[in-house]
Amino acid sequence: MSNAVPPLLTALVDDAAVFPPGSAALTDAVPAHEAHRQSWYAQLVGPLLIPVADRDAVPAGIDLGLVGEPPADLSPFVNQVECPVAKRGEDPLPGIERLAPLIRKGGTLLWYLELPLAWGLMSGLDAVAALRGEGLPVAAKFRTGGLAAELFPTPAELAAVICACRDRDLPFKLTAGLHHAVRHTDAETGLVHHGFVNVLAAVLAAADGAEPGDLALLLASTEPGVLTERVQPHLDRERPLWVGFGSCSVQEPVGDLVTLGLLDRPVAA
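Read on for an overview of the structure. Here the residue index of a chain counts from 1 through its sequence in written order. Given that the model is predicted, a residue must reach a pLDDT of at least 70 before its local features are reported, and side-chain atom pairs must reach 80 or more before they are shown or counted; all residues, however, enter totals for whole chains, interfaces and linings. Note: side-chain values were computed over all heavy atoms of the structure, leaving out hydrogens and water.

## Structural notes on the packing of helix 4 (residues 155-167) against helix 6 (residues 212-220)
The axes are straight lines fitted to the C-alpha atoms, using for helices just the contacting stretch, and the angles between their N-to-C directions are given from 0 to 180°. Secondary structure elements are defined from DSSP: runs of H or I of at least 4 residues count as helices, runs of E of at least 2 residues count as strands, and each element is numbered from the N terminus. Where helix 4 contacts helix 6, the two axes come as close as 8 Å, and the packing angle between them is 130 degrees. When the interaxial angle is binned, helix 4 and helix 6 end up oblique. Handedness of the crossing formed by helix 4 with helix 6: right-handed. Contacts from Pro155, Ala156, Leu158, Ala159, Ala160, Ile162 and Cys163 of helix 4 reach helix 6 at Pro212, Leu215, Ala216, Leu219 and Ala220. Charged means Asp, Glu, Lys or Arg here, nonpolar means Ala, Val, Leu, Ile, Met, Phe, Trp, Tyr, Cys or Pro, and polar covers whatever is left, Gly included. Residue classes in the contact of helix 4 with helix 6 are distributed as twelve nonpolar, no polar and no charged. An angle below 35 degrees is read as roughly parallel, one above 145 as roughly antiparallel, one from 65 to 115 as roughly perpendicular, and any other as oblique. Take the far helix as your reference; a near helix turned counterclockwise from it by less than a right angle gives a left-handed crossing, and one turned clockwise gives a right-handed crossing. Here a residue-residue contact requires only that any non-hydrogen atoms of the pair lie within 4.5 Å.

The structure is reproduced here in C-alpha cells:
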C-alpha cells in the first residue's frame, strides 16, 4: 500500500460515482471503487456511497455507505448512513428526534444527518451535538451545491456553518459541487462552485480559532497559490472537523491535488 497520501488528505473523498452528475451504473461503480482501493491514492478514498435501495446489490467486503432514508434492518456490512432530516425550509428537529432511537440502537454504525442550510439550522446542530454528547457516532452533513444557484451557500454562510460545528465540537461532511480544488465558475452552467482546498484551508483556520469573516475570505478565494500556501504546511496533521466530501469523480480531486503539489504521484504510478 502506497503512503503517498498525507494524513490531512486521508479518506477525504467518498466515492459517489452512482450519484448525479456522474450517475454510473452500480455494475461499473463497484469494480471502479475496488480499483481505487488498490491504487497509489487508495488512502485518499472513503467509502462507496450508494442509495439505500441498492444495499443488497453490493457484495460484502466493500467499505459501504448508504444515502437516503434508513431502513429499520440495516445490513451488518454497512459502515455508515447519510440521511436527510428535513427539506429546505423545514424544522430539522422532528426529523432528528425521529431518527434518534434508530441511532441509539445502531451500535458502531456511523450516522451523518443532513441538515438544510436554512431556518432552524442552529437548533438542529444543537440536537445533533446533544446526540454526540451521549457518546453516539453521529455527525452533521451539509449540501454545498446543486442544480440551481440558491443551493450553493455563500462563502459567509458556509463559514458560519463551519464555525458553528467547531464551537460544538461536531464533525461534518459536505456533498455536491466539490469536484475541484479551487473555487470556480462552471463553464456549462455558470454556477459558482466551492473548492475543496478552500474548505481545507477554512477548517484548518477554524480549528486554530479563526472567526467566520476570516474563513469567508478563504472560501471565496480563487487563487490556487494562496490556498496551497495555507494548506501545505499542515499535510502531516490530521484533518480537523471535516470528515470529507462525496464526489461522483475520484480522479478529478486526485488530479487537482497533484497539480497543486499537495499530493505526490509515485513515479511508477
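## Some remarks on the nonpolar core
Residues belong to a common nonpolar core when they are buried Ala, Val, Leu, Ile, Met, Phe, Trp, Tyr or Cys residues joined through side-chain atoms within 4.5 Å. With a 1.4 Å probe rolled over the protein chains alone, any residue whose accessible area is under 20% of its type maximum counts as buried; one over 50% counts as exposed, and the rest are partly exposed. With 85 residues, the main nonpolar core has Leu113, Phe142, Ile162, Phe172 and Trp242 as its most contacted residues. It is helix 5 (residues 196-207) that contributes the most residues to this core, ten residues altogether. When near neighbours in sequence (up to four residues on either side) are disregarded, Leu113 contacts Cys83, Val85, Ile96, Leu99, Ile103, Val128, Val138, Ala139, Ala140 and Lys141.

## Things to note about the packing of aromatic side chains
Two rings from Phe, Tyr or Trp (for Trp, the six-membered ring) form a pair when their centres are within 6.5 Å of each other. A pair whose planes differ by under 30 degrees is stacked, one over 60 is edge-to-face, and the rest are tilted. Counted under the stated rule, the structure contains four aromatic pairs. Considering the side-chain rings of Phe196 and Phe245, the 5.2 Å spacing of their centres and the 25 degrees angle between planes classify their relative orientation as stacked. Within this pair, whereas Phe196 is found in helix 5, its partner Phe245 is found in strand 10 (residues 242-247), the two being separated by 49 residues in sequence. On the basis of relative accessible area, Phe196 is assigned to the buried category, the value being 0%. In this structure Phe245 comes out as buried when scored by relative accessible area, which is 0%. By the ring-pair criterion, three or more aromatic residues cluster together here, those being Phe196, Trp242 and Phe245.

## A word on the packing of helix 5 against helix 7 (residues 224-231)
Put simply, helix 5 and helix 7 touch, their axes get as near as 9 Å, and they point 45 degrees apart. By the angle class used here, helix 5 and helix 7 are oblique. When you trace helix 5 past helix 7, the crossing you get is left-handed. Contact with helix 5, carried on its side by Val197, Asn198, Leu200, Ala201 and Leu204, involves Leu227, Arg230 and Val231 of helix 7 and no other residues of that element.

## Side note on the environment of Ala164
Summarising the element assignment, Ala164 is placed in helix 4. For Ala164, a relative accessible area of 5% puts it in the buried group. In this structure the C-alpha to C-alpha distance between Ala164 and Ala206, which are 42 residues apart in sequence, comes to 9.8 Å. Every residue in contact with Ala164, bar those within four places of it in the chain, is listed here: Met122 and Leu125.

## Focus on the environment of Ile62
Relative to the assigned elements, Ile62 resides in the loop between strand 2 (45-51) and strand 3 (64-67). With 14 residues separating them along the chain, Ile62 and Leu48 place their C-alpha atoms 7.5 Å apart.

## A word on the environment of Asp186
Its place among the elements puts Asp186 in the loop between strand 8 (184-185) and strand 9 (192-193). Linking Asp186 and Ala17, residues 169 residues apart in sequence, is a C-alpha distance of 19 Å. Apart from the residues within four sequence positions on either side, Asp186 is in contact with Leu191 and His193. Looking at Asp186, its side chain comes within polar contact range of the main-chain nitrogen of Glu188, at 2.9 Å. We define a polar contact as two N or O atoms separated by no more than 3.5 Å, with the added condition that, inside protein, one atom must be a possible hydrogen donor and the other a possible acceptor, whereas residues neighbouring each other in sequence contribute only through side-chain atom pairs. Among the polar contacts made by the side chain of Asp186, one reaches the main-chain amide nitrogen of Thr189 at a distance of 2.9 Å.

## Some remarks on the sheet that holds strand 3
The criterion for strand pairing is that DSSP finds at least two bridges linking the strands in question. The strand order around the closed barrel built from eight strands is 1-2-3-4-5-6-7-10, with neighbouring strands paired in parallel fashion. The average angle at which neighbouring strand axes cross in this sheet is 30 degrees, direction not considered. Helix 5 contacts strand 7 (172-175) and strand 10 of the sheet and is inclined by roughly 170 degrees relative to strand 10.

## Here's the deal with helix 2 (residues 93-104)
A helix is expected to span 1.5 Å multiplied by its residue count minus one. Here helix 2 contains twelve residues, and its C-alpha end-to-end distance of 16 Å stays within 8% of the 16 Å for a straight helix at 1.5 Å per residue. For helix 2, the complete set of buried residues consists of Gly95, Ile96, Leu99, Ala100, Leu102 and Ile103. Of the surrounding secondary structure, the elements contacted by the buried residues of helix 2 are strand 4 (78-84), strand 5 (110-114), helix 3 (121-133) and strand 6 (138-143).

## Looking at the pairing of strand 4
In the case of a regular strand, side chains alternate between the two sheet surfaces. Strand 4 sits mainly inside the fold: five of its seven residues count as buried. With four bridges connecting them, strand 3 and strand 4 associate as parallel partners. Residue Gly65 lies in a different strand from strand 4, and its bridge partner there is Gln80. Sheet analysis places strand 4 next to strand 5, joined by five bridges and oriented parallel. Directly across from Cys83, in strand 5, lies its bridge partner Leu113.

It is worth stressing that arrangement in space is one thing and function is another; only the former is reported here.
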